[in-house]
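Listed below are the residues making up each chain.
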Amino acid sequence: MSDGAAKLTREQLAARVARDIPEGAYVNLGIGLPTLVANYLPADGDYFLHSENGLLGMGPAPAPGLEDGDLINAGKQHVTLLPGGSYFHHGDSFAMIRGGHIDICVLGAFQVAANGDLANWHTGDADAIPAVGGAMDLAVGARQVFVMMEHLTRGGASKIVERCTYPLTGVGCVKRIYTDLAVIDVTDQGLRVRELVAGLSLARLQALTAAPLLGGI
Amino acid sequence: MIDKSLFSPAQAVADIPDGAVVLVGGFGMAGMPTELIEALIDQGARELTIVSNNAGNGDTGLAALIGAGRVRKILCSFPRQADSQRFDDLYRAGRIELELVPQGTLVCRLEAAGAGLGAIFTPTGHGTLLAEGKETRVIDGRPHVLEYPIHGDYALIKAHRGDRWGNLVYNKSARNFGPIMARAAACTIAQVSEVVALGELNPEAVVTPGIFVKRVVRT
């Protein structure tokens, strides 16, 4: 971006996603970038973070020296449990996910298509070892699936596409896309731009995006 | 008197035959029954089919079993990680078979086995590579994929405390797959940090009732 648009940092993007999570929501944050969202949820509110491996009411990382190998998140990082939090087995955990009890899930993505198809588990490369984890369950089960990603790949290609070329994680499951350039809703009419970063025009965003965008701010 | 507690991991895994389907608890290293797996490596069973969330982390536990060349096939949701080199090497060499299963589908296939169900329909994976060739059905307007139970011959799990009837409680997020694998295997073996007297585990808090557990070993 050489035209002066103020691309969001990873932290700013996380803060932006956090603003759309209401107090009281049951939320699953995917591995990687989405995990950062937890840092920007207001400390004085009750937000229920779920982790696939059996935690509800997940808290931040422990102080150095207080790590517990039996208390980790889905990314296998050390975490804590808030007062009021609970532990449960994988059957309960995926009933929460698949059963529609999780209000919001925030996932990273390789690609999102104009119809809400999500690809985030496999590049399809012959020598890649695929790993899916709980992504397909979250994609179909969470009441709202938010995607959080950089708008472009390192090579400058649009990660928003007309049709995913990578293998799908879920069909038509994404509701909203947060990138470092824009907030975009997936609607029945198509991709509707809700916000642009400062200094970015809709026309410029469209030029960077490999699927038709609708205005609507 | 019934006493399911045994003296050693070696005794607990002694009868696992070549070719067995073994469910291995744990999510990463949390809940990994490392001592039982070490005993299984020493015991020598080969050509095993392993069902576990991951395909081993680092060099201990499941990673060591895989590294020792004892595993013919693994069913798991998340094999590839920064520290899954034992699996990665064998997989790239074509020496281990992988059945990749979405995590929630792995869970409900195990639950179906433990609950005596013939199969389940799940919305997970519909329209993806992992559902290719599988029977589907539209239920309440939504497409579902038919998935079959995963029965274990053995389950190796790690719990926190157990008693001689096989009742178990777990520790924090190390619970993960333990309770559902305990139900899905013909012979469930639990390693625990402590074997306590009957009555010491609060009956309101028992997570796995002893009916699902055949052997308990303190490690």
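Everything discussed here concerns the structure shown above.
It should be emphasised that the depicted structure is a prediction, and the values quoted were computed from it without experimental measurement.

### Quick notes on the overall build of chain B
And step 1. Secondary structure summary: chain B contains 6 helices and 14 strands in total.
And step 2. For 219 residues, the compact-globule estimate of 2.2 N^0.38 gives 17 Å, and chain B sits close to it at 17 Å.
And step 3. On the principal axes, the C-alpha backbone points of chain B span a range of 50 × 45 × 30 Å.
And step 4. A total of 219 residues make up chain B; the buried ones form 54% of that total.
And step 5. Pairs at least 24 residues apart make up 76% of the contacts formed inside chain B by residues separated by at least 6 positions.

### Structural notes on unusual backbone geometry
And step 1. Within the chain, Lys76(A) stands out as a residue other than glycine whose phi angle is a positive 65°.
And step 2. Position of Lys76(A) relative to the elements: it lies in the loop between strand S3 (55–59) and strand S4 (80–87).
And step 3. If you check the backbone angles, Glu47(B) has positive phi at about 55° while not being a glycine.
And step 4. Mapped onto the elements of the fold, Glu47(B) is located in the loop between helix H2 (34–43) and strand S3 (48–51).
And step 5. Using a count of 13 C-beta atoms within 10 Å as the deciding quantity, one classes Glu47(B) as partly exposed.

### Considerations on the environment of Asp44(A)
And step 1. In this fold, Asp44(A) is placed in the loop between strand S1 (26–29) and strand S2 (48–51).
And step 2. It is 36 Å that separates the C-alpha atoms of Asp44(A) and Ser201(A), two residues lying 157 residues apart in sequence.

### Focus: the sheet that holds strand S7 (residues 136–139) of chain B
Residues and elements named next belong to chain B.
And step 1. What the 3 strands build is an open sheet, ordered S6-S8-S7; its pairing is antiparallel. The strands lining the two open edges of the sheet, one partner per strand, are strand S6 (120–122) and S7. Across this sheet, the average inter-strand angle for adjacent strands is 40°, counted without regard to direction.
And step 2. In this sheet, strand S8 (residues 142–147) lies alongside S7 in antiparallel orientation, the contact comprising 4 bridges.

### Remarks on the interface of chain A and chain B
And step 1. Contact residues are listed per partner, giving 30 residues for chain A and 36 residues for chain B.
And step 2. Where the side of chain A that touches chain B is concerned, the elements lending two or more residues are helix H2 (90–98) and helix H3 (135–141) of chain A.
And step 3. Per element, the largest residue contribution to the side of chain A that touches chain B is 5 residues, and it comes from H2(A).
And step 4. For the side of chain A that touches chain B, the residue count by class is 15 nonpolar, 9 polar and 6 charged.

Procedures and definitions
Residues numbered from 1 in each chain as written. Chains lettered and ligands numbered in written order. Predicted model: local features only at pLDDT ≥ 70, side-chain atom pairs only at ≥ 80, totals over all residues. Helix = DSSP H or I, 4+ residues; strand = E, 2+ residues; numbered from the N terminus. Rg over C-alpha atoms; globule rule 2.2 N^0.38 Å. Buried ≥ 20, exposed ≤ 12 C-beta atoms within 10 Å, placed from the backbone. Contact = placed C-beta atoms within 7 Å. Pairing = 2+ DSSP bridges. Axes fitted to C-alpha atoms, helices over the stretch in contact; angles between N-to-C directions. Nonpolar A, V, L, I, M, F, W, Y, C, P; charged D, E, K, R; others polar.

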